[in-house]
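Structural overview for review
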Amino acid sequence: MLIALICTDKPGAIDIRKANRDAHLAYIKDTGVVAQAGPFLDADGVMCGSLVILDVAGRDAAQTWADGDPYAKAGLFSDVRIEQWNKVIG
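Below or above, wherever it landed, is the structure these notes cover. (Residues numbered from 1 in each chain as written. Predicted model: local features only at pLDDT ≥ 70, side-chain atom pairs only at ≥ 80, totals over all residues. Heavy atoms only, no water.)

1. Overview of the packing of helix H1 (residues 14-31) against helix H2 (residues 59-68)
At a minimum axis separation of 11 Å, H1 and H2 run at an interaxial angle of 145 degrees. Contact residues: H1 offers Tyr27, Ile28 and Thr31, while H2 offers Thr64, Trp65 and Gly68. Taken together, the residues of the contact of H1 with H2 break down into three nonpolar, three polar and no charged. (Axes fitted to C-alpha atoms, helices over the stretch in contact; angles between N-to-C directions. Helix = DSSP H or I, 4+ residues; strand = E, 2+ residues; numbered from the N terminus. Contact = heavy atoms within 4.5 Å. Nonpolar A, V, L, I, M, F, W, Y, C, P; charged D, E, K, R; others polar.)

Shown next as structure tokens:
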């Protein structure tokens, strides 16, 4: 099942993002369930959120993954949506 994590950073949290980026990228690599991922950018091109597409068994597995993300553990996000996603193109 494909699940989209749509994450919004807390305002002014770019330093938290930068400090935890290497751990976040390692978590993506080590868990092996991320199909696609990348940051959202604000009008100035500064990272301000994340889109992560997971290929997992279901919503519970997606929530577990999201809870274990170093960004989440560091308190980066103001909001995280977990949505089932259907790939149509690409």
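2. Examining the sheet that holds strand E4 (residues 77-84)
Read from one edge to the other, the open sheet built from four strands follows the order E2-E3-E1-E4, with strand pairing classed as antiparallel. If you trace the sheet from one side to the other, it starts and ends with strand E2 (34-41) and E4, each paired once. Averaged over all adjacent pairs, the angle separating strand axes in this sheet is 15 degrees, with direction ignored. Pairing of strand E1 (residues 2-9) with strand E3 (residues 47-55) involves seven bridges; the strand directions are antiparallel. Counted as the bridge partner of Leu5 is Val52 from E3. Sheet strands touched by H1: E1, E2, E3 and E4. Its angle to E3, the strand with the most contacts, is close to 20 degrees. (Pairing = 2+ DSSP bridges.)

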